[in-house]
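Read off the chains here:
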Amino acid sequence: MPVLSCAHLRKVFGTRVVLDDLNLDVEEHRVVALIGASGSGKSTLLRCAALLTEVDDGTIHLDGEEITDPRVDPDAVRRRIGMVFQAYNLFPHMSVLDNITLAPVRVHRRARDQARAQAREWLDRVGLADQADSYPDRLSGGQQQRVAIVRALVNSPRLLLLDEVTSALDPELVGEVLTMIRDLKAEGMTMVLATHEMGFAREVADEVVFLDAGRVLEAGPPQRVLGDPTEPRTRQFLSRII
Ligand code: ADP
Ligand code: MG
């Protein structure tokens, strides 16, 4: 059974169809890279999967449970899905540790000490233990983004959604974030990531999905989709980006 299964998703903003009969399955321990031009629907798809945006039609299943069912408690679902955005969105007036534990403690009512202990463990694992009490503005962009990823991991999510998490970083800081994602893959984390880093997609993804106007135009192993695309639109996109 896939961890994430999106079937016939449709999302409309005004008159604009942003997701159009979109289907996507993500098996456990797999990494799926979403590629496509700006505006093709990558962020919207991730936001729908994280229940941050409602779909207009279609279904999303997480571990076999339909999370688009209106009877489902969205907070309970969000606890099982971690999402990280392009801008790290850390609260500037809170320490790293408080940033990470805010949601688990306040929203998810986890015991404060337990959440903090787990947060420290994660910070240690990603080499940021000594920054636990720092404020975000003392950290580099790469460190801030790694903290944001840790924040998405403290609830031990089943699925991690990453939306262009390196796009806002200076080039020299991209590597440390990609390394962290590589390590998460090695640990078996199931991930969907929207990215413009084709080299990274080729290396880390089990499957590359090319979105075009809210549809999956082409999907398959990275070597095939990136190296020998069948669709002219994919070829055109890749020739512009690489
Ligand atoms: P991508 O991440 O691939 O660049 P997005 O999912 O952000 O694409 O956007 C897809 C389309 O949906 C774009 O045309 C964008 O302008 C539109 N869109 C996204 N969010 C909203 C919104 N909240 N309101 C109106 N239009 C939106
Ligand atoms: Mg986007």
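Residues numbered from 1 in each chain as written. Chains lettered and ligands numbered in written order. Predicted model: local features only at pLDDT ≥ 70, side-chain atom pairs only at ≥ 80, totals over all residues.

## A closer look at the confidence of the model for the chain
Okay, step 1: On average, residues of the chain score 94 in pLDDT, and 98% of them reach the 70 mark or higher.
Okay, step 2: Reported confidence for the predicted complex is 0.98 by ipTM and 0.95 by pTM. (pLDDT = per-residue confidence, 0-100.)

## Points about the pairing of strand β4 (residues 57-62)
Okay, step 1: Pairing of strand β1 (residues 4-13) with β4 involves 5 bridges; the strand directions are antiparallel. Bridging across to β4, Leu4 finds its partner in Leu62.
Okay, step 2: Two strands pair when backbone bridges link them, and β4 and strand β5 (residues 65-66) are joined in this way by 2 bridges, in the antiparallel orientation. What sits directly across from Leu62, in β5, is Glu65.
Okay, step 3: Between the end of β4 and the start of β5, which pair antiparallel, lie 2 residues, with Asp63 showing a positive phi angle near 50°. (Pairing = 2+ DSSP bridges. Helix = DSSP H or I, 4+ residues; strand = E, 2+ residues; numbered from the N terminus.)

## A few points about the site of ligand 1
Okay, step 1: Neighbouring ligand 1 are Phe13, Arg16, Val18, Gly36, Ser38, Gly39, Ser40, Gly41, Lys42, Ser43 and Thr44.
Okay, step 2: Mapped by element, the contributors of at least two residues to the shell around ligand 1 are β2 (16-26) and α1 (42-49). (Near = placed C-beta within 6 Å.)

## Some details on the sheet that holds strand β3 (residues 31-35)
Backbone-to-backbone hydrogen bonds pair the strands of a sheet. The strands run either parallel or antiparallel.
Okay, step 1: Spatially, β6-β7-β8-β3-β9-β10 is the arrangement adopted by the 6 strands of the open sheet, whose pairing is mixed. The outermost strands of the open sheet, each flanked by one partner alone, are β6 (81-84) and β10 (215-220). On average, each strand axis in the sheet is tilted by 20° relative to the strand beside it, whichever way the strands run. (Axes fitted to C-alpha atoms, helices over the stretch in contact; angles between N-to-C directions.)

## A few points about unusual backbone geometry
Okay, step 1: Phi is positive for His29, close to 70°, though the residue is something other than glycine.
Okay, step 2: If you trace the backbone, His29 turns up in the loop between β2 and β3.
Okay, step 3: Look at Ala213: it is not a glycine, yet its phi comes out positive at around 50°.
Okay, step 4: In this structure, Ala213 sits in the loop between β9 (207-212) and β10.
Okay, step 5: Residue classification places Ala213 among the partly exposed residues on the basis of 16 C-beta atoms within 10 Å. (Buried ≥ 20, exposed ≤ 12 C-beta atoms within 10 Å, placed from the backbone.)

## Points about the sheet that holds β4
Okay, step 1: Taken in spatial order, the 4 strands of this open sheet run β2-β1-β4-β5, and their pairing is antiparallel. A single partner strand is all that each edge strand has here, and the edge strands are β2 and β5.
Okay, step 2: Note: β1 against β2, 7 bridges, orientation antiparallel. The residue bridging Val12 from the neighbouring strand is Val17, located in β2.

## Some points on the nonpolar core
Okay, step 1: Counting residues in hydrophobic clusters, the biggest one holds 65 residues, and the most contacted among them are Ala33, Leu34, Ala49, Leu161, Val192 and Val208.
Okay, step 2: Among the elements that make up this core, the one with the highest residue count is helix α5 (residues 141-153) (6 residues).
Okay, step 3: Beyond its immediate chain neighbours, meaning those up to four positions away, Leu161 contacts Leu46, Ala49, Ala50, Ile81, Gly82, Met83 and Val192. (Core = buried A, V, L, I, M, F, W, Y, C linked by C-beta atoms within 7 Å. Contact = placed C-beta atoms within 7 Å.)

## Looking at the packing of α5 against helix α6 (residues 171-186)
Okay, step 1: Their axes nearest at 8 Å, the elements α5 and α6 cross at an angle of 20°. Judged by the inter-axis angle, α5 sits roughly parallel to α6. At the point where α5 passes α6, the crossing takes the right-handed sense. Counted together, Gly141, Gly142, Gln145, Arg146 and Ile149 of α5 and Leu173, Glu176, Val177 and Met180 of α6 form the full contact between these two elements.
Okay, step 2: Classifying every residue of the contact of α5 with α6 by side-chain character gives 4 nonpolar, 3 polar and 2 charged. (Parallel < 35°, antiparallel > 145°, perpendicular 65-115°, else oblique. Left-handed = near helix turned anticlockwise from the far one by under 90°. Nonpolar A, V, L, I, M, F, W, Y, C, P; charged D, E, K, R; others polar.)

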